[in-house]
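Observations on the three-dimensional arrangement
Below are the chains, spelled out letter by letter.
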Amino acid sequence: MTETSTSSPSPAAAFALRWLRRLVVLGLLAASAWWAWPRLPDPWRAPFHAARLAMQPVPTSLPVPVAGVAANRIADTWGAARANGRSHQGVDIFARRGTAVIASTEGVVTRTGTNNLGGLVVWVMGPGRQMHYYAHLDGHAPDIGPGSHVMPGDTLGYVGDTGNARGTPPHLHYGIYQSGGAINPHPLLRAGMGTAAKAGP
Ligand SMILES: [Zn+2]
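The shown structure was predicted, so the numbers you read here are calculated from the model rather than taken from an experiment.

**Concerning the overall build of the protein**
Helix and strand counts for the protein stand at four helices and nine strands. Moving toward the C terminus, one meets the helices and strands of the protein in the order α-α-α-β-β-β-β-β-β-β-β-β-α. A compact globule built from 201 residues should have a C-alpha radius of gyration of about 17 Å, whereas the protein, at 25 Å, is more than 25% larger. Expressed as lengths along the three principal axes of its C-alpha atoms, the size of the protein is roughly 95 × 40 × 35 Å. Counting over 201 residues, the protein shows a buried share of 28%. Summarising the internal contacts of the protein: among those between residues at least 6 apart in sequence, 67% fall at separations of at least 24.

This is the structure we're talking about:
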């Protein structure tokens, strides 16, 4: 005896069933991706954030990356002479030791560590592939490391005097680097102050 003639579906029904099955599988994949994305560790998501940020325009104004410091209290020391024939490639933002150093942009942390001049530093890749350099830190925030996704205002670390700033008044050295080299952050911070004032009541 044979039942194939009654149980096998028509070609049209088989076709529809096959596509329905594919849609269900795709739906399940989409649902699991939707569920998993916010639960993935930051470093796994970092390449996606980095790709999105790389395509964004560079910012035309920035908030001051030290909590509680107004932009008009920061001196423009860009290009000032430094030891060994170097010139100053950033701005120094003075504040009490331990004051929060905060991200000036959305970004992905690319490196935390130490170097001779900067001491304890954090590097963040921001919009338009600009690299933001936060140096002389007393320490970095416990949840900050390579691959961390940060938003403007997130704490990266704390003002200190590490590196070649040892023994000087605690300050953040803040630098911005792009493909052509370093740029002066000072005008961007001043522009940021203007926009903040306009946005206020
Ligand atoms: Zn400096």
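Now that the structure has been shown, the text picks up again.
**Examining the nonpolar core**
With 32 residues, the main nonpolar core has I93, V101, V122, V124, Y134, L137 and L156 as its most contacted residues. With six residues, strand β4 (residues 119-125) is the single largest residue contributor to this core.

**Points about the UniProt feature "domain: M23ase beta-sheet core" (unreviewed entry) in the protein**
Mapped onto the present numbering, the UniProt feature "domain: M23ase beta-sheet core" (unreviewed entry) falls at residues 87-185. Helix makes up 0% of residues 87-185 and strand 52%. Its end C-alpha atoms lie 15 Å apart.

**Focus on the UniProt feature "transmembrane region" (unreviewed entry) in the protein**
Within this numbering scheme, the UniProt entry marks residues 20-37 as carrying the feature "transmembrane region" (unreviewed entry). The span residues 20-37 shows a helical share of 94% and a strand share of 0%, and its end C-alpha atoms are spaced 26 Å apart.

**Describing the environment of H88**
Here H88 is to be found in the loop between α3 (42-54) and β1 (91-94). Judged by local crowding, H88 falls into the partly exposed class, with 17 C-beta atoms found within 10 Å. For the pair H88 and N184, spaced 96 residues apart in sequence, the C-alpha separation works out to 9.5 Å. When sequence neighbours within four positions are dropped, the list of residues in contact with H88 reads T77, W78, G79, A80 and R82.

**A few points about helix α2 (residues 11-36)**
Between its first and last C-alpha atoms α2 spans 37 Å; for 26 residues at 1.5 Å apiece the expected length is 38 Å, and the two agree. The buried fraction of α2 is low, at zero of 26 residues.

**A closer look at the pairing of strand β8 (residues 171-178)**
In terms of burial, β8 is largely enclosed, as six of its eight residues are buried. As defined by bridge partners, β1 adjoins β8 across four bridges and the pair is classed as antiparallel. Within the sheet, the bridge partner assigned to I93 lies in β8 and is L172. Judged from the three bridges that link them, β8 and strand β9 (residues 181-183) form a sheet pairing that is antiparallel. Each bridged residue has a counterpart across the sheet, and for I176 the counterpart in β9 is I183. Counted along the chain from β8 to the antiparallel partner β9, the turn is two residues long.

**Some thoughts on the pairing of strand β5 (residues 131-140)**
When β4 meets β5, the two strands line up antiparallel, connected through five bridges. When the sheet's bridge partners are listed, V124 is paired in β5 with H132. The turn linking β4 back onto β5 is made up of five residues, and G128 within it adopts a positive phi angle of 70°. Bridge count for β5 against β8 is five bridges, and the pairing is antiparallel. When the bridges of β8 are listed, H132 appears paired with I176. Here three bridges tie β5 to strand β7 (residues 155-159), and the two strands are oriented antiparallel to one another. Considered in β7, the bridge of G139 is made with Y158.

**Section: α3**
One turn of an α-helix holds 3.6 residues; hence residues three or four places apart share an orientation. If you check α3, its first and last C-alpha atoms are 17 Å apart, about what 13 residues at 1.5 Å a residue would give, namely 18 Å. Roughly 30° is the biggest bend found in α3, and it falls at F48.

**What to know about the environment of P57**
Following the sequence through the fold, P57 ends up in the loop between α3 and β1. Separated by 69 residues in the primary sequence, P57 and G126 place their C-alpha atoms 9.8 Å from one another. Those residues in contact with P57 that sit more than four places away from it in its chain are P127 and G128.

About the cut-offs
- Residues numbered from 1 in each chain as written.
- Predicted model: local features only at pLDDT ≥ 70, side-chain atom pairs only at ≥ 80, totals over all residues.
- Helix = DSSP H or I, 4+ residues; strand = E, 2+ residues; numbered from the N terminus.
- Rg over C-alpha atoms; globule rule 2.2 N^0.38 Å.
- Buried ≥ 20, exposed ≤ 12 C-beta atoms within 10 Å, placed from the backbone.
- Contact = placed C-beta atoms within 7 Å.
- Core = buried A, V, L, I, M, F, W, Y, C linked by C-beta atoms within 7 Å.
- UniProt positions renumbered as here; feature names shortened; annotations may be inferred.
- Expected span 1.5 Å × (residues − 1).
- Pairing = 2+ DSSP bridges.
- Bend = angle between axes of the 7 residues up to and from the residue.

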